[in-house]
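So the chains spell out like this:
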Amino acid sequence: MKFPVRLRRLRRTPSIRGLFAETTVATRHLVQPYFVVSGKGVRQETRPGLGLWQVSPDVLREEVAMLAKGGAGGVMLFGVPDFKRDDGQQLVGQLAPLEAAIGESKSVAPELPIFADVCLCAYTTHGHCGLVKGHEIVNDESVRVLCEMAGLFAKWGVDFVCPSDMMDGRIGAIRQALDEGGHTNTSILSYAIKMASAFYGPFREAAHSAPSFGDRRSYQMPAHNRREARRELLLDVEEGADALLVKPAMTNLDLIRDAREATDLPLFAYQVSGEYAMMRAAGDAGLIDFERALEESLVSIRRAGADVIVSYAAREWCKRA
Ligand code: PBG
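Being a predicted model, the structure only gives us computed values, none of them experimental.

Caption draft 1: Structural context of the side chain of Ser297. By secondary structure assignment, the location of Ser297 is in helix α11 (residues 290–304). Here Leu294 takes part through its backbone oxygen, which lies 2.6 Å from a polar atom of the side chain of Ser297. Setting aside its immediate chain neighbours within four residues, Ser297 contacts Met250, Gln271 and Met279.

Listed below in structure tokens is the structure:
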């Protein structure tokens, strides 16, 4: 038979396929999240295999050394405070484990980028991402507290503050607060497109941050809206974001592509706890090959246009490296 083109010729061997792989996933593209608790010697995965690690600052130090050696892109730190407050007061005390963790990380691997989550859900008894009056999540008062939190992280030396709260106007306000505090070198990674998603379940268990009433739909985005996602994105660019993030990743690959084409800023995607857990559970049930599914998912996210992926798999990839 005569066929003018045979695409299979270029798929014949692993080395030919390797030669022409258009998309790469390297450890430098991956950022590992951690949930920082107080104390010493704490290294606890909230559920076996899910990659949600609660660590004390001294253990984070060991993890960071390993990640830096493996060439990781960075660590994303979430605080699990010793006490909760609903008035936005005593932030310094609430963030004490993070202050220590940032110090440990910077002293063992000064060049490994640290990303710090800026949000109130883990710090309040109601578990909402902003301050609450009655049953309303109030915007502007919340932004004030978020600015203060970002300022503290900047002071303690993080490279990126990462507002994930989805209040209006917070990127511009945080930029202004950072600049006024002399932190002109601290970058803002904005959670620009963050959906109200069912895929955050396992995270909330690790961060103790599930809302005690209602849900997050009055501030996180509806999955239905592509145009609105673009508005969120462009607004954060205008307000001064240095980099943008889309999450969850797997259910928003089209929006990652949109974001890639709409701006020239570095783009992050967050492979969230539920995405990772889903693949792990299916793997454990013998339904899919977890390792292959994981790699395929990371490749897809990079192919969609993400520069960097925040993933619970980063640690394992670095250990292999
Ligand atoms: C905090 C925050 C959440 C996640 C990242 N930052 C949870 C939420 O919005 O409830 C989810 C990440 C994950 O599921 O891995 N607002």
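Caption draft 2: Geometry of the site of the ligand. For the ligand, the set of nearby residues contains 18 residues, the closest of which are Lys194, Arg204, Lys247, Ser273 and Tyr312. Within the contact set of the ligand, an oxygen atom lies 2.6 Å away from a side-chain nitrogen or oxygen of Arg204. The contact in question runs from an oxygen atom of the ligand to an N or O atom on the side chain of Ser273, over 2.7 Å. The residue inventory of the shell around the ligand, partitioned by class, reads 10 nonpolar, 3 polar and 5 charged.

Caption draft 3: Broad picture of helix α10 (residues 273–284). With 12 residues, α10 should reach 16 Å at 1.5 Å per residue; the first-to-last C-alpha distance of 16 Å fits that figure. α10 sits mainly inside the fold: 9 of its 12 residues count as buried. Those residues of α10 that sit buried are Ser273, Gly274, Glu275, Tyr276, Ala277, Met279, Arg280, Ala282 and Gly283. Close packing links the buried residues of α10 with α7 (201–207), β11 (267–271) and α11.

Caption draft 4: Inspection of a positive patch on the surface at higher detail. On the surface, Arg6, Arg8, Arg9 and Arg11 cluster together into a patch of positive charge. Mapped onto the secondary structure, Arg9 falls in the segment before α1 (14–19).

Caption draft 5: Here's a closer look at the state of the cysteines. Counted according to the given criterion, the structure contains 0 disulfides. With no disulfide of its own, Cys119 lies 3.5 Å from the sulfur of Cys129, the closest cysteine sulfur. With a relative accessible area of 2%, Cys119 lands in the buried category. Unpaired in terms of disulfides, Cys162 finds its nearest cysteine sulfur in Cys119, a separation of 11 Å. For Cys162, a relative accessible area of 0% corresponds to the buried category.

Caption draft 6: View of the pairing of strand β8 (residues 160–163). The alternating pattern of β8 places Phe160 and Cys162 on one face and Val161 and Pro163 on the opposite face, and all of these are buried. Relative to β8, strand β5 (residues 114–118) runs parallel, the two sharing 4 bridges. Across the sheet, residue Phe115 finds its bridge partner in β8, namely Phe160. Bridge analysis of β8 against strand β9 (residues 187–194) gives 2 bridges, and the strand direction is parallel. From the neighbouring strand, Phe160 faces β9, where its bridge partner is Ser187. Read as a crossover between parallel neighbours, the route from β8 over helix α6 (residues 170–180) to β9 is right-handed.

Caption draft 7: Examining the packing of helix α9 (residues 253–262) against α11 more closely. Closest axis-to-axis distance for the α9/α11 pair is 8 Å, and the angle between their directions is 35°. Every residue of α11 that contacts α9 at Leu253, Ile256, Arg257 and Arg260 is listed here: Ser300, Ile301, Arg303 and Ala304. The residue inventory of the contact of α9 with α11, partitioned by class, reads 4 nonpolar, 1 polar and 3 charged.

Basis of the calculations
Residues numbered from 1 in each chain as written. Predicted model: local features only at pLDDT ≥ 70, side-chain atom pairs only at ≥ 80, totals over all residues. Heavy atoms only, no water. Helix = DSSP H or I, 4+ residues; strand = E, 2+ residues; numbered from the N terminus. Polar contact = N/O pair within 3.5 Å; in protein donor to acceptor, adjacent residues only side chain to side chain. Contact = heavy atoms within 4.5 Å. Near = heavy atom within 4 Å. Nonpolar A, V, L, I, M, F, W, Y, C, P; charged D, E, K, R; others polar. Expected span 1.5 Å × (residues − 1). Buried < 20%, exposed > 50% of the residue type's maximum accessible area, 1.4 Å probe, protein only. Patch = residues over 30% accessible without salt bridge, like charges linked within 9 Å, V, L, I, M, F, W, Y side chains within 5 Å. Areas by Shrake-Rupley, 256 points an atom, 1.4 Å probe, with all protein chains shown as cover. Salt bridge = Lys/Arg side-chain N within 4 Å of Asp/Glu carboxyl O. Lys, Arg positive; Asp, Glu negative; His and termini not counted. Charge placed at Lys NZ, Arg CZ, Asp CG, Glu CD. Disulfide = S-S within 2.5 Å. Pairing = 2+ DSSP bridges. Right-handed = clockwise from strand over helix to strand, strands pointing away. Axes fitted to C-alpha atoms, helices over the stretch in contact; angles between N-to-C directions.

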